[in-house]
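Topology and contacts: notes
Each chain, letter by letter, is given below.
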Amino acid sequence: MVSKSVQGIRAWLEAPVAEAKVAGRTRLDALRGAAARVTTPLLPDDYLHLVNPLWSARELRGRIVDVRKETADAVTLVIKPGWGFDFKFTPGQYIGIGVLIDGRWHWRSYSLTSPPDWTDPDNRAKRVISIAVKAMPEGFLSSHLVNGVPEGTVVRLAAPQGGFVLPEPTPAKVLFLTAGSGVTPVMGMLRTMDRRANMSDVVHIHSARTAEDVMFRDELAELNEKYAGFTSHVNLTGDRGKFALSTLDELYPDWRERQTWACGPLEMLNDIENHWTAAGLAENLHIERFEVERSAVGEGGTVTFARTGRSARVDGATTLMQAGEDAGVRMPFGCRMGICQTCVVAITDGHARDLRNGMEHQAGEKIQTCISAAAGDCTLDV
Ligand SMILES: Cc1cc2nc3c(=O)[nH]c(=O)nc-3n(C[C@H](O)[C@H](O)[C@H](O)COP(=O)(O)OP(=O)(O)OC[C@H]3O[C@@H](n4cnc5c(N)ncnc54)[C@H](O)[C@@H]3O)c2cc1C
Ligand code: FES
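Residues numbered from 1 in each chain as written. Chains lettered and ligands numbered in written order. Predicted model: local features only at pLDDT ≥ 70, side-chain atom pairs only at ≥ 80, totals over all residues. Heavy atoms only, no water.

Let us now look at the overall build of the chain. Looking only at helices and strands, one finds 10 helices and 19 strands in the chain. When the 382 residues of the chain are sorted by exposure, 49% land in the buried category. Long-range pairs, those at least 24 residues apart, make up 64% of the contacts in the chain with a sequence separation of at least 6. Summing over all exposed atoms, the chain offers an accessible surface of approximately 18,400 Å²; the carbon and sulfur share of this is 52%. (Helix = DSSP H or I, 4+ residues; strand = E, 2+ residues; numbered from the N terminus. Buried < 20%, exposed > 50% of the residue type's maximum accessible area, 1.4 Å probe, protein only. Contact = heavy atoms within 4.5 Å. Areas by Shrake-Rupley, 256 points an atom, 1.4 Å probe, with all protein chains shown as cover.)

This paragraph deals with the site of ligand 1. Taken together, 22 residues are adjacent to ligand 1, and Arg 108, Ser 109, Tyr 110, Ser 142 and Thr 184 come closest. Phe 140 has a polar backbone atom sitting 2.8 Å from an oxygen atom of ligand 1. A distance of 3.1 Å separates a nitrogen atom of ligand 1 from a polar side-chain atom of Glu 291. Out of a free accessible area of 910 Å², ligand 1 has 77% covered by protein chains. Secondary-structure elements contributing two or more residues to the shell around ligand 1 are strand 4 (104–111), strand 7 (129–134) and helix 4 (140–147). The element that contributes the greatest number of residues to the shell around ligand 1 is strand 4, accounting for four residues. In terms of residue class, the shell around ligand 1 is made up of 10 nonpolar, six polar and six charged. (Near = heavy atom within 4 Å. Polar contact = N/O pair within 3.5 Å; in protein donor to acceptor, adjacent residues only side chain to side chain. Nonpolar A, V, L, I, M, F, W, Y, C, P; charged D, E, K, R; others polar.)

Before going further, it helps to spend a moment on the sheet that holds strand 7. Taken in spatial order, the six strands line up as 4-3-8-1-2-7 in an open sheet, and their pairing is antiparallel. Two strands in the sheet have a free side with no partner beyond their single neighbour: strand 4 and strand 7. If you compare each strand with its neighbour and ignore which way they point, the axes differ by 35° on average. Judged from the eight bridges that link them, strand 3 (residues 94–101) and strand 4 form a sheet pairing that is antiparallel. By the bridge assignment for strand 4, Ile 101 is matched with Arg 104. Along the sheet face, helix 4 touches strand 1 (60–71), strand 2 (74–81), strand 3, strand 4 and strand 7 and points at about 80° away from the line of strand 3. (Pairing = 2+ DSSP bridges. Axes fitted to C-alpha atoms, helices over the stretch in contact; angles between N-to-C directions.)

With that settled, the discussion passes to the side chain of His 206. For His 206, the position within the fold is in strand 10 (residues 202–208). His 206 sits in the buried class, given a relative accessible area of 1%. In terms of polar contacts, His 206 uses its side chain to reach the side chain of Thr 178, at 2.7 Å.

Bringing the sheet that holds strand 11 (residues 230–236) into the picture now. With parallel pairing, five strands are arranged side by side in an open sheet as 11-10-9-12-13. The open sheet terminates on both sides in strands that have one partner only, identified here as strand 11 and strand 13 (285–288). On average, each strand axis in the sheet is inclined to that of its neighbour by 15°, with strand direction left out of account. Sheet analysis places strand 10 next to strand 11, joined by seven bridges and oriented parallel.

So, on to the confidence of the model for the chain. Do not read the predicted coordinates in detail wherever pLDDT is low. Mean pLDDT over the chain works out to 88, with 85% of the residues at or above the 70 mark. Confidence drops under pLDDT 50 across residues 9–24; counting only partners more than four residues distant or on other chains, this segment forms 29 contacts. (pLDDT = per-residue confidence, 0-100.)

Each neighbour pair has its own omega, and for Glu 168 with Pro 169 the value is 0°, a cis peptide bond. Among the secondary structure elements, Pro 169 is positioned in the loop between strand 8 (154–161) and strand 9 (174–179). Even without being glycine, Asp 117 reaches a positive phi, approximately 55°. Along the chain, the position of Asp 117 falls in the loop between strand 4 and strand 5 (119–120). Relative accessible area serves as the criterion here: at 27%, Asp 117 is assigned to the partly exposed category. Residues other than glycine seldom take positive phi values, yet Ala 197 does so here, at roughly 50°.

As for its position among the elements, Leu 177 is in strand 9. Note on Leu 177: relative accessible area 3%, which makes it buried. With 86 residues separating them in the primary sequence, Leu 177 and Cys 263 have C-alpha atoms 6.6 Å apart. With near-sequence residues (within four places) excluded, Leu 177 lies in contact with Ile 205, Leu 245, Thr 260, Trp 261, Ala 262, Cys 263, Met 268, Ile 272 and Trp 276.

This brings us to the packing of aromatic side chains. Inspection of every chain in the model, using the stated rule, returns four aromatic pairs. Each ring, one from Phe 176 and one from Trp 261, has its centre 6.0 Å from the other, and the planes form 55°; the classification is tilted. Of this pair, Phe 176 sits in strand 9 while Trp 261 sits in strand 12 (residues 259–263), placing them 85 residues apart in sequence. Trp 261 sits in the buried class, given a relative accessible area of 1%. When the ring centre of Trp 105 is taken as origin, the NZ or CZ atom of Arg 156, which lies over that ring, is 4.0 Å away. The aromatic ring of Phe 333 is capped on one face by Arg 336, whose charged end is 5.1 Å from the ring centroid. (Phe/Tyr/Trp six-rings, centres within 6.5 Å; stacked < 30°, edge-to-face > 60°. Lys NZ or Arg CZ within 6 Å of the ring centre and 35° of its normal.)

Okay, structure coming up:
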């Protein structure tokens, strides 16, 4: 009985903040949990925030400590996460990042380009992470991050996740196929392999329009010099056009034996998927998509978020997740691209439409809010 209540108090003290992993919790985490509870019913975050903006009992936060130009339209952001961040992520995973602009939080996913448990090169005691963002034409958040986010900005973070990862142990033969910003998760994998000095037989074919557009160009060239087992093949599409998959037989005749990771524009990934499937090698191929292929629109309507009592009038192209966030509702989310299922909620009234295939969902069904729009008025259980 006594030991049960001791365990109960301990669990109460150590209960994780939202997003934080339970494993590997520190004394500081327990203290934070306690602080959150002894200040109830006042809001502990208000006090913690006054002491340090990265301290939160409710959510993961981070501070942008360095902004480095990669190319004319891409930057690396080095972020120092606050309490509760899991630095033992798997190379290739992505995080969610929330940025406050004009009073509203805007969330997007970005692949981690740093290896797990990475420390600041100038301060070994400080663990940091990095992402690299390429500005999309007319892209709202990517343009802001590339062209205007100042060092020192405090951001919200969602924990690392995703299945596009480097397995342990690393396969004997590896092929990476990337283009544009699709190089980012692979950079996280390559840096991890470099840190482990484990680059036994890796071919990386990367496409960009010009040499100046190649993200991490110098680092890829250095790795190419450093390891006999690493080949960095850069294809400049401005000069040579798209990389022809049919040339793999000639250039890398053992490509069929290689576990392959591919990330880049949708068209390239569809071609790769078809090529591998036609060769009967679909199980060797791992793909990460940064965007979702939309082939439908909804009708729009008034969306009611039942648990909060809020509602919003939206068009048929706006996702229900975006509609909720715009209305100040805390929507559950992960990849924001229809992959992870974190955003699934039930419709309790009306209809929604899946923007990928046009399929209609009705009351009683569950939907992924990140790729669904209103098909008339509807109510969500959130
Ligand atoms: C798992 C995952 C990991 C990602 N990792 C990275 C990363 O490491 N680096 C990075 O730069 N981006 C990455 N992205 C893409 C990123 O999340 C954003 O989608 C991207 O930065 C565009 O956001 P935005 O706010 O600028 O564009 P928005 O304002 O949301 O969109 C503007 C327009 O661009 C289109 N669009 C949106 N995203 C893309 C895209 N990726 N390609 C082509 N058109 C698009 C939209 O359909 C829209 O028409 C990742 C996405 C996912 C799902
Ligand atoms: S957020 Fe991942 S499926 Fe919707």
